[in-house]
Amino acid sequence: MSKNLNAVITGVGMYVPETVLDNKYFESIIETNDEWIVSRTGIKERRKLENGATSDLATGAIKDLFASTGVKPEEIDCIIVCTVTPDMLFPATACLVQNNVGAVNAWGFDLSAACSGFLFGFQVGASLIESGTYKKVVVIGADKMSSIVDYTDRNTCILFGDAAAAVLLEPTEDKSIGLKDSILRVDGSGREALNMRGGGSYMPPSHETVDNKLHYIYQDGKAVFKVAVVGMADTSYEIMKKNNLAPEDVKYLVPHQANLRIIDATANRMGIGREKVMINIDKYGNTTAATIPLCLVEYYRAGKIKKGDNLVLAAFGAGFTWGASWYTWGID
Ligand code: UT7
């Protein structure tokens, strides 16, 4: 279906908390070592929010967006917070962020798609713009993963960090820029491999759920690794093929930062080298919904993305959820 409007990112913002947990810290609390963590994941350090919740991370990111663009809170039509660590089951974190920044004309909601959250939120936000209904939509990827990490479980605790990053989407009639295409998938048969079972309607909180550590992330790392490699690589390749993008047409792969080995496998399948891959997993670890927008903010602010650059965004996460999007950068 042809569109009259494309959705383009016109501003970005990010927030990472100050506390740094490096690999040495984990050597002091669990049986692990820096060499294992770096070689198996690519992670050197990650951030932890000491006080506050996901809405505080998200608020930091949207405030940074306002400060760097001059856009005012009252101009925002809709706020989408992509997260699996909402402050509460309800109200939505988006409502708390709206109130924190005084976005008095906005509506909003939370979107739960784990590590694919931003990719899914980006498509939803872009659709609101492309329909012509809204003019300024903010999509935020925000997760306080430290709130659901079991720091005695060496299989998971070394992986995750806290962060938030935001993009502002606006309409453009220029079809050469903006979100061009997405291939998005879910497969709920993956629920056993990566989840947090306690606290919802399936297993409401009880002494038993706490005793059995069901309010923490559970991940069968090896099983997730296998499907993540295939899912991210396949959809990234598929989106290139579908849109006749050759490797030389792609300026950057913007992958979810879960594991450097999954990222490399995706780049290989796309036929592109490491120099064309956005990477900051070494600094932040896996920040779930925040990884992709965090990469975009850092690379854009470092002057590494220019108007007209083709990006392939790709993610894989709990659900399972996964996908890839073709986006052409639209601002200098
Ligand atoms: O973001 C959402 C989607 N998630 C992902 O994409 C994550 C996918 N999975 C992964 O990235 C990897 O599976 C992990 C990084 C989580 C684990 O790497 P792995 O190479 O799959 O390791 P493994 O789980 O197969 O464990 C290998 C060995 C085990 O020891 P044995 O059984 O071989 O003796 C583990 O007990 O490494 C051990 N191990 C550790 N050793 C030192 C596990 N965690 C650690 C640790 N330090 N922190």
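Conventions used here
Residues numbered from 1 in each chain as written. Predicted model: local features only at pLDDT ≥ 70, side-chain atom pairs only at ≥ 80, totals over all residues. Heavy atoms only, no water. Near = heavy atom within 4 Å. Polar contact = N/O pair within 3.5 Å; in protein donor to acceptor, adjacent residues only side chain to side chain. Areas by Shrake-Rupley, 256 points an atom, 1.4 Å probe, with all protein chains shown as cover. Helix = DSSP H or I, 4+ residues; strand = E, 2+ residues; numbered from the N terminus. Nonpolar A, V, L, I, M, F, W, Y, C, P; charged D, E, K, R; others polar. Domains from an automatic or database assignment. Contact = heavy atoms within 4.5 Å. Buried area = accessible area lost by both parts, 1.4 Å probe. Salt bridge = Lys/Arg side-chain N within 4 Å of Asp/Glu carboxyl O. Buried < 20%, exposed > 50% of the residue type's maximum accessible area, 1.4 Å probe, protein only.

> For this particular structure, what's the right way to read the site of the ligand?
As a structural note, the neighbourhood of the ligand is formed by 24 residues, with Thr32, Arg40, Lys222, Asn259 and Asn286 the closest of them. Interatomic distance of 2.6 Å between a side-chain N/O atom of Thr32 and a nitrogen atom of the ligand. Contact between the ligand and Trp36: an oxygen atom at 3.3 Å from a side-chain N or O atom of the residue. In isolation the ligand offers 950 Å² of accessible surface; the protein chains occlude 76% of this area. Broken down by secondary-structure element, the contributors of at least two residues to the shell around the ligand are α2 (34-41), α7 (221-242) and α8 (260-270). When residues of the shell around the ligand are assigned to their parent elements, the largest contribution, five residues, is made by α7. A class-by-class count of the residues in the shell around the ligand yields eleven nonpolar, eight polar and five charged. Taken domain by domain, the makeup of the shell around the ligand includes at least three residues from each of domain 1 (6-175) and domain 2 (179-328).

> What's the story with the domain arrangement of the chain in this structure? I'm lost.
Along its sequence, the chain is organised into domain 1 (6-175) and domain 2 (179-328). The straight-line distance from the C-alpha centre of domain 1 to that of domain 2 is 14 Å. Domain 1 puts 52 residues into the contact, and the matching count from domain 2 is 47 residues. Sorting the residues of domain 1 by area buried against domain 2 places Cys115, Leu119 and Ile148 first, and these three jointly supply 17% of that buried surface. On inspection of domain 1 and its partner domain 2, the count reaches two salt bridges. In this structure, the salt-bridge partner of Asp64 is Arg301, at a minimum N-O distance of 2.8 Å. Seen at the junction of domain 1 and domain 2, the total is 20 residue pairs in polar contact (both at pLDDT 80 or more). At the level of secondary structure, the elements contributing two or more residues to the side of domain 1 that touches domain 2 comprise β1 (6-15), α2, β3 (45-48), α3 (54-69), α5 (117-130), β6 (137-144) and β7 (162-172). When the residues that make up the side of domain 1 that touches domain 2 are grouped by side-chain class, the tally is 28 nonpolar, 13 polar and eleven charged.

> Even after reading the chapter, I still don't get the pattern of salt bridges, so can you show me in this structure?
Where charged atoms of side chains with opposite charge meet at close range, the side chains can pair. Across all of its chains, the model carries twelve salt bridges by this definition. When the shortest N-O distance is used, the salt bridge between Lys242 and Asp181 registers 2.9 Å. Of this pair, Lys242 sits in helix α7 while Asp181 sits in strand β8 (residues 178-186), and the two are 61 residues apart along the sequence. Across the pair Glu238 and Arg185 runs a salt bridge, and its minimum N-O distance is 3.7 Å. Residue Glu238 is found in helix α7, and its partner Arg185 is found in strand β8; the two are separated by 53 residues along the sequence. Accessibility expressed as a relative area gives 35% for Glu238, which makes it partly exposed. Shared partners join several salt bridges into a network, and the residues in it are Glu75, Lys136 and Glu170.

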